[in-house]
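Structural description and commentary
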Amino acid sequence: MAKTLGIVSIKGGVGKTTISAALASDLANHYGKKVLLVDANYSAPNLGLHMDILEPEKTIHHVLDKKIQLKSAIHNKFGVDVIPGEYVYNKSLNCLKLRDKINTIKQNYDFVILDSSPSLNDEILSTILASDALFVVTTPDYPTLSCTLKAAKLAKQRGRPMTGIIINKIRDPRFELSLKEIEESTGIPVIARIPDDKTAVRAAFTRIPIPIYKKNSPFSKEINRLNSAITKNREKKSFIQKILPFEFRKERINRAILRENFYTPSFKK
Ligand SMILES: Nc1ncnc2c1ncn2[C@@H]1O[C@H](COP(=O)(O)OP(=O)(O)O)[C@@H](O)[C@H]1O
Ligand SMILES: [Mg+2]
């Protein structure tokens, strides 16, 4: 039975869609997992653009509008089953049905990944309620951190506390919030630190998910390390990390804990 992972934040532009596409394509291509990737950003969907699906005829909007079955909206791209969104859709939707729809197909997958909407309404709630685990994406600055705190509070209120934080677009750590500051203010472990990486821009331009576009980019490597935790595989270490007698990166320790706990009953709904 699949684990459903929601990739959330209450802010646009932090990297949710890029990271969702990257996690999914890395799980499918580098860990041999069966993955369903769903665009749950109903009012501004753009996952299709990251997965090279330009004019989808069948989308999550049609599924939620009861016009078609979830299965028939699947597009296979880069080894991942993708359900894109409709770029322009003017009717209102009951997006809280997402969980039921996913439950009809969950047994066919190892992972379902939901790329969430940043809108603080039923849109983000549909991802929160459909997920077994939530990863919140943040950038290391105060305005985004305040949104991250809001997202964490909402998830907790709904009985789905955030599993971990992904810090994205790290540019100049001396002038940005540190892992320690982010963990102390949110109380949530940081499970990945992704640098600002030109590869993200290049991959988006060519509509190829980053781990397929360039497997050895800093972005792809950190995604691969995070996936090692949720697939219960060992994390690759560099030569220096192997000879050091201690672990100096806190996110690695957090991933080791995640690796141990991810499939225990308390982690399941
Ligand atoms: N680590 C990164 N380094 C550089 N650019 C990034 C990185 N992560 C995402 N981006 C870029 O940031 C922009 C917003 O990313 P996106 O995934 O659409 O954010 P969101 O889904 O949160 O709105 C895109 O142009 C994407 O290519
Ligand atoms: Mg997005």
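Residues numbered from 1 in each chain as written. Chains lettered and ligands numbered in written order. Predicted model: local features only at pLDDT ≥ 70, side-chain atom pairs only at ≥ 80, totals over all residues. Heavy atoms only, no water.

Let us now look at the pairing of strand 6 (residues 133–138). Counting buried residues in strand 6 gives six out of six residues, a clear majority hidden from the surface. Because side chains alternate across strand 6, one face comprises the buried residues Ala133, Phe135 and Val137, and the other comprises Leu134, Val136 and Thr138, equally buried. Of the pairings in the sheet, the one linking strand 1 (residues 3–8) to strand 6 comprises four bridges and is parallel in character. What sits directly across from Leu5, in strand 6, is Ala133. In the sheet, strand 6 pairs with strand 7 (residues 164–170) via four bridges, with the strands oriented parallel. Its bridge partner being in strand 7, Phe135 is matched across the sheet by Gly164. Each parallel crossover has a hand, and the one from strand 6 via helix 6 (residues 142–157) to strand 7 is right-handed. (Buried < 20%, exposed > 50% of the residue type's maximum accessible area, 1.4 Å probe, protein only. Helix = DSSP H or I, 4+ residues; strand = E, 2+ residues; numbered from the N terminus. Pairing = 2+ DSSP bridges. Right-handed = clockwise from strand over helix to strand, strands pointing away.)

This part covers the site of ligand 1. Taken together, 16 residues lie near ligand 1, and Gly13, Lys16, Thr17, Thr18 and Asp197 sit nearest. Between ligand 1 and Gly15 there is a distance of 3.0 Å, counted from an oxygen atom to a backbone nitrogen or oxygen. A distance of 2.5 Å separates an oxygen atom of ligand 1 from a polar side-chain atom of Thr18. The fraction of the free accessible surface of ligand 1 (570 Å²) that becomes covered by protein chains is 80%. With three residues, the single largest contributor to the shell around ligand 1 is helix 1 (residues 16–30). For the shell around ligand 1, a count of residues per class yields six nonpolar, six polar and four charged. (Near = heavy atom within 4 Å. Polar contact = N/O pair within 3.5 Å; in protein donor to acceptor, adjacent residues only side chain to side chain. Areas by Shrake-Rupley, 256 points an atom, 1.4 Å probe, with all protein chains shown as cover. Nonpolar A, V, L, I, M, F, W, Y, C, P; charged D, E, K, R; others polar.)

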